[in-house]
Amino acid sequence: RHPPIQSTAGAVPVRNEKGELSMEKVKVKRYVSGKRPDYAPMESSEEEEEEFQFIKKAKEQEVEPEEQEEELANDPRLRRLQNRIAEDVEERLARHRKIVEPEVVGDSDSEVEGGEAWRLEREDTSEEEEEEIDDEEIERRRGMMRQRAQERKTEEMEVMELEDEGRSGEESESESEYEEYTDSEDEMEPRLKPVFIRKKDRITVQEREAEALKQKELEQEAKRMAEERRKYTLKIVEEEAKKELEENKRSLAALDALDTDDENDEEEYEAWKVRELKRIKRDREEREAMEKEKAEIERMRNLTEEERRAELRANGKVITNKAVKGKYKFLQKYYHRGAFFMDEDEEVYKRDFSAPTLEDHFNKTILPKVMQVKNFGRSGRTKYTHLVDQDTTSFDSAWGQESAQNTKFFKQKAAGVRDVFERPSAKKRKST
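Position labels on residues start from 1 in each chain and follow its written sequence. It should be noted that, the model being predicted, local features are given only for residues of pLDDT at least 70 and side-chain atom pairs only at 80 or more, the latter also being counted only at that level, while totals for whole chains, interfaces and linings use all residues. Only hydrogens and water are removed before side-chain values are computed, so all heavy atoms of the structure are retained for them.

Peer 1: So what exactly am I meant to see when it comes to the overall build of the protein chain here?
Peer 2: Only runs of H or I of at least four residues qualify as helices and only runs of E of at least two qualify as strands under DSSP, and these elements are numbered from the N terminus. From N to C terminus, the protein chain includes eleven helices and two strands. Listing the helices and strands of the protein chain from first to last along the sequence gives β-β-α-α-α-α-α-α-α-α-α-α-α. Split into buried and exposed, the 432 residues of the protein chain put 6% on the buried side. Note on contacts: a residue pair is in contact if any heavy atoms of the two residues lie within 4.5 Å. For the protein chain, long-range pairs separated by at least 24 residues make up 41% of all intrachain contacts whose partners lie at least 6 apart in sequence. Only the protein chains shown count as covering a residue, and every accessible area follows the Shrake-Rupley method with a 1.4 Å probe. For the protein chain, the exposed surface amounts to about 42200 Å²; the carbon and sulfur share of it is 52%. Think of it in three bands: with a 1.4 Å probe and only protein chains considered, a residue is buried below 20% of the maximum accessible area for its type, exposed above 50%, and partly exposed in between.

Dropping the structure here:
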């Protein structure tokens, strides 16, 4: 028996060289993929691997020889093998062999009793012989049991045939030819496979008649409805035809009542000529205005910069609906007047749209600094009052560094910071 294990976590009982048991700590070594274990050799061939496995198995077998001897002494299979070697073969066969004589089975009761006695006898003997019978003996006995079962089955078939012949001899032979004929007819006809039908799908004779009557009533109802629809359709067609005929009559009467004899064709013709001349004049004026606008654009493009400035200074741009630009209050909302319908002058478009409305009448300069923002107290409030007092210059940016590359970029390619500014145009001018 092993001594009771104390509460020593990570320790197991190990037998030392003297045969004494002692507790030793278990050192768990983690398995690393691709790393050689400690017990594996550095280099090995196939022969060395086989030798290594053989040595490992031998070492495992050498561990605890006393326990292995005890296990071998307690192994019933080993004891049975030793007894079989020491025992004579003829005595063993004579002791286990049992010759079964054939017997005639008369009734099923005797057969059942014999089977039960044989099964009980087999159960009694199997428990005693289980440890001593080897594999060959068991196989031989199984063959004998199968042969005995086959013989018993054959005998049962013979007994059943004899009983059937006896019954057929006792039956009456005075059957009519009609019955024999019908029996032969039934045997000749093909037998249909019975099919299960659910209760809700079964149709009896009464239900079939009721279903047929209901179907007949439905057909009569459908015919009646079709006849009513046909009559209704004919009635609607007749009414539509009458309405169309009356409409034609009214149209013909109106045409007959129309009198054009009093009209003067000359006056109508003169009025048409005036309208046509006005249309031609309007088209010609629109075409001339378009050509004049194109010519003015071309002329302005051909002017130099100084001439263009002088031209614009002399002939200023005409602005329709020019409104007076007012002064906005602190944090006042801005409203755009719109860009539509500005072609013609209207007084309503010339009003001052910079006048304060609603809460803009309040002077917001007296509010605390934290409240001087747009939409204060709402989710859409602004962070700053305005960006006038906020320095947004980033001195750490790449374009803010003073270097030769940045200076070259600003002078040659950067927009809006070059020394010379040229007005962009649709086509490049040739330098003289």
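The discussion continues.
Peer 1: Looking at this structure, how should I read the packing of aromatic side chains?
Peer 2: Any pair of aromatic rings gets described here by the distance separating the centres and the angle formed by the planes. Whether two aromatic rings pair depends on their centres lying within 6.5 Å, for rings of Phe, Tyr and Trp, where Trp uses its six-membered ring; planes under 30 degrees apart make the pair stacked, over 60 edge-to-face, and the rest tilted. Scanning all chains against the criterion turns up three aromatic pairs. Between the aromatic rings of Y269 and W272, the centroid separation amounts to 5.9 Å while the plane-to-plane angle is 25 degrees, which identifies the pairing as stacked. Here Y269 and its partner W272 are both found in helix 9 (residues 265-302), three residues apart, which amounts to about one turn of the helix. Judged by relative accessible area, Y269 falls into the partly exposed class, the value being 44%. Overall, the relative accessible area of 42% leaves W272 in the partly exposed class.

Peer 1: Explain the side chain of Q332 here, please?
Peer 2: Mapped onto the elements of the fold, Q332 is located in the loop between helix 10 (305-314) and helix 11 (404-412). N or O atoms closer than or at 3.5 Å make up a polar contact, with two conditions inside protein: a donor-capable atom paired with an acceptor-capable one, and, for residues adjacent in sequence, both atoms drawn from side chains. Reaching out from Q332, the side chain makes a polar contact with the backbone nitrogen of K329 at a distance of 2.7 Å. Filtering out sequence-adjacent residues up to four positions away, Q332 remains in contact with K327, S354, A355, P356 and D360.

Peer 1: Sorry if this is basic, but what is going on with a negative patch on the surface here?
Peer 2: Where like charges cluster on the molecular surface, the negative patch consists of D343, E344, D345, E346 and E347. By the secondary structure assignment, E347 is in the loop between helix 10 and helix 11. Patch members must show over 30% relative accessible area and no salt bridge, and they are joined within 9 Å when carrying like charges or within 5 Å when they are nonpolar side chains of Val, Leu, Ile, Met, Phe, Trp or Tyr. A side-chain nitrogen of Lys or Arg and a carboxyl oxygen of Asp or Glu constitute a salt bridge if their distance falls within 4 Å. In this tally, Asp and Glu contribute negative charge and Lys and Arg positive charge; neither His nor the terminal groups of the chain are included. Each charge is placed at NZ for Lys, CZ for Arg, CG for Asp and CD for Glu.

Peer 1: Can you help me understand unusual backbone geometry in this one?
Peer 2: Working note: non-glycine residues mostly have negative phi, and peptide bonds are mostly trans. Of note in the backbone geometry, N321 takes a positive phi value of approximately 55 degrees without being a glycine. Within the fold, N321 resides in the loop between helix 10 and helix 11. The backbone phi angle of N375 is positive, close to 55 degrees, even though this residue is not glycine. Mapped onto the secondary structure, N375 falls in the loop between helix 10 and helix 11.

Peer 1: I'm lost on the pairing of strand 2 (residues 21-25) in this one. Help?
Peer 2: Within a regular strand, the side chains alternate between the two sheet faces. With five bridges joining them, strand 1 (residues 11-15) and strand 2 adopt antiparallel strand pairing. Opposite A11, over in strand 2, you have K25 as the bridge partner. In this description, strands pair whenever DSSP reports at least two bridges between them.

Peer 1: What exactly am I supposed to notice about the pattern of salt bridges here?
Peer 2: Pairing is possible between side chains of opposite charge, provided their charged atoms come close. Evaluation of the coordinates by the stated rule reveals 15 salt bridges. Put simply, R230 and E227 hold a salt bridge, and the shortest N to O gap is 2.6 Å. Taken together, the residues span about one helical turn, with R230 and E227 both in helix 8 (residues 205-257) at a distance of three residues. Its relative accessible area of 33% is what places E227 among the partly exposed residues. What emerges from the salt-bridge pattern is a single network uniting E221, R224 and E228.

Peer 1: Would you mind showing me how to read the side chain of K364 here?
Peer 2: Residue placement: K364 occurs in the loop between helix 10 and helix 11. Excluding residues within four positions of it along the chain, K364 makes contact with F330, L331, E359 and Q372.

Peer 1: How should I be thinking about the packing of helix 9 against helix 10 in this particular structure?
Peer 2: Between two packed helices, what matters for the description is the angle formed by their axes and the separation of those axes. Working convention: axes come from line fits to C-alpha atoms, limited for helices to the stretch in contact. Angles between N-to-C directions cover 0 to 180 degrees. Two numbers describe how helix 9 lies on helix 10: the axes approach to 8 Å, and their chain directions differ by 130 degrees. Comparing their axes, helix 10 and helix 9 come out oblique. Residues R299, M300 and R301 of helix 9 lie in contact with helix 10, whose contacting residues are R308, E311 and L312. Partitioning the contact of helix 9 with helix 10 into residue classes produces two nonpolar, no polar and four charged. Throughout this description, any angle smaller than 35 degrees is read as roughly parallel, any larger than 145 degrees as roughly antiparallel, any in the 65 to 115 degree range as roughly perpendicular, and the remainder as oblique. Charged residues are taken to be Asp, Glu, Lys and Arg, nonpolar residues to be Ala, Val, Leu, Ile, Met, Phe, Trp, Tyr, Cys and Pro, and polar residues to be all remaining types, Gly included.

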